Amino acid sequence: MPTASPARKSSASKPAAAKGGKPGKESDHPIFSELGFPVDPNNLYRQTVGSMLQAADLMDLPHHLKIILAQPKNEIMVNFPVKMDDGTYRLFKGYRVQHNNALGPFKGGLRFHHDVHLDDVKSLAFLMTMKCSLVGVPYGGGKGGIKVDPYKHSKSEMERIVRRFTTAIAHQIGPDYDIPAPDVGSNAQHMAWIADTYSFLSEVGGHQPEAVITGKPVEFGGSLGREKATGQGVVDTLVEMLPEVGVEIKSCKFSVLGFGNVGSWTGKILQDKGAKMIATMDHTGAIRNDGGIDAHQLAEHVRKTGGVAGFKGATRIDKDEFYKTKVDVFVPAALEQMIQEPEAQLLNCKVVAEGANAPTTPAGERVLEARGIEVLPAILCNSGGVTVSYFEWVQNKTCQQWELNDVDRELNKHMIAAAKRTRDARKKYKCNLRTAAYIAALERLASAYSVRGIFP
Ligand code: GLU
């Protein structure tokens, strides 16, 4: 299922691609020159770490923790050949970045996307460290991926690509060391192939080798509720935070950017609570219906056709109209850096609930802030996925299968606690919610470092 609308991403290898990323406070931190960061202010890694450093400055985080957290521990890149169905061979590039493991094993998804770069993976791994800390699961942060368009390969080609990638990184992952999961472009079937390949390679029958990865199919060690978990977490966060901005969930209107796993589940669960989806957009186009788009029917349409275009229950609109559609809540649930200054100027909403990782650039965020639009930051809002991944891992390790009600209830507890810690930090430091969420995450990391110390 496609998960993204057209992105205008920027990274070190694509320096001038993104608009709207004028150098701001985030781009100027002295740690960037100390660590030799890329100078491009549109670089995603510089932007993400920059936001964290603002929080670190505000709470007076010690300098040594700032430099440790500003760089990942390990950056692994692999190149591997795979036989295509027509008998030819192609070389693929894969990544695994292990950002930090002070709080527990590295944890984070695998992105299968034709445009994935090392800097993207570094940013996403960094965000996982922050997210796991904030939502209170005993993990550090990691992320990986393969530079591949999964929709352009047959099932058997994808199986060979995924199994060969697993072989290439098998010595770098493990159920107690680094536990991947799905992300954009990867799904439960891919996770099953990874778990199966790893089990063969590790030859450790009896030690739950399938706990090396989460987001597996329920038939093979997966958890009930994992597929919808990120969307469920977005909704749990909204239920918790909307009263602060005077919006009622059951009468709320929303729009969704990206109708893949996160967007569609957020849409369906919000609709089941009485909210109305007015517009959505993905890589096939944008659609609107002021009377409400049925998210369940649309998800079915996307499953069959690959995108939202052509859905009978709505009218096609253009991209600007999509952003300008008046709603209470706007949910970016596609790729990074999609809400830059121009989109932020167009948005007509009270709240942006970040279902995707890093969808708002710092420049975009300044515009939203100036316009009085509240941003629920990704490390809070989309932490439901990794939380249920943690539950899956616990179930694997203890040979249990939890009921869906238990998964949902435990997830809700984590989301409420993370929202509360974020609100408390905002009150204490008088900052926006993104900075507050980073502060709450950094507090936990700083406590762990203060008792662990730094070896030797
Ligand atoms: N890829 C998801 C995320 O960005 C889930 C990661 C996981 O479950 O480990 O949060």
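Quantities reported herein were computed from a predicted structural model and do not represent experimental measurements. (Residues numbered from 1 in each chain as written. Predicted model: local features only at pLDDT ≥ 70, side-chain atom pairs only at ≥ 80, totals over all residues. Heavy atoms only, no water.)

Draft legend 1. Examining the sheet that holds strand β1 (residues 74-83) more closely. Within the open sheet, the five strands sit side by side as β1-β2-β4-β3-β5. Their pairing is mixed. For this open sheet the edge positions go to β1 and β5 (178-182), each flanked by a neighbour on one side alone. In this sheet, neighbouring strand axes are inclined to one another by 20 degrees on average, regardless of whether the strands run parallel or antiparallel. Bridge count for β1 against strand β2 (residues 89-100) is ten bridges, and the pairing is antiparallel. Within β2, the position partnered with Met77 by the bridge is Tyr95. (Pairing = 2+ DSSP bridges. Helix = DSSP H or I, 4+ residues; strand = E, 2+ residues; numbered from the N terminus. Axes fitted to C-alpha atoms, helices over the stretch in contact; angles between N-to-C directions.)

Draft legend 2. The arrangement of the pattern of salt bridges in detail. Overall, the coordinates contain 29 salt bridges when judged by the stated rule. Between Asp183 and Arg111 there is a salt bridge, with its nearest N and O atoms 2.8 Å apart. Residue Asp183 is located in the loop between β5 and α6 (188-202), and its partner Arg111 is located in strand β3 (residues 106-113); the two are separated by 72 residues in the primary sequence. Grouping residues by exposure puts Asp183 and Arg111 together as buried. Where Arg303 meets Glu300, a salt bridge forms, and the shortest distance between an N and an O atom there is 2.6 Å. Of the two residues, Arg303 and Glu300 both sit in helix α9 (residues 295-305), three residues apart, roughly one turn of that helix. In this structure Glu300 comes out as partly exposed when scored by relative accessible area, which is 32%. (Salt bridge = Lys/Arg side-chain N within 4 Å of Asp/Glu carboxyl O. Buried < 20%, exposed > 50% of the residue type's maximum accessible area, 1.4 Å probe, protein only.)

Draft legend 3. Representation of the site of the ligand. In the vicinity of the ligand there are 14 residues, among which Lys107, Lys131, Pro182, Asp183 and Ser389 approach most closely. Note that a nitrogen atom of the ligand is positioned 2.9 Å from one of the side-chain N or O atoms of Asp183. The protein chains hide 95% of the 300 Å² of surface that the ligand would expose on its own. Elements with a contribution of two residues or more to the shell around the ligand: β3, α4 (118-135), β5 and α14 (384-398). (Near = heavy atom within 4 Å. Polar contact = N/O pair within 3.5 Å; in protein donor to acceptor, adjacent residues only side chain to side chain. Areas by Shrake-Rupley, 256 points an atom, 1.4 Å probe, with all protein chains shown as cover.)

Draft legend 4. The sheet that holds strand β7 (residues 276-282), seen in detail. The strand order β9-β8-β7-β6-β10-β11-β12 describes an open sheet built from seven strands, whose pairing is mixed. The open sheet has two edge strands, β9 (315-317) and β12 (374-376), and neither has a second partner. Neighbouring strand axes in the sheet, compared pairwise and without regard to direction, differ in orientation by 25 degrees on average. Pairing of strand β10 (residues 329-332) with strand β11 (residues 351-353) involves two bridges; the strand directions are parallel.

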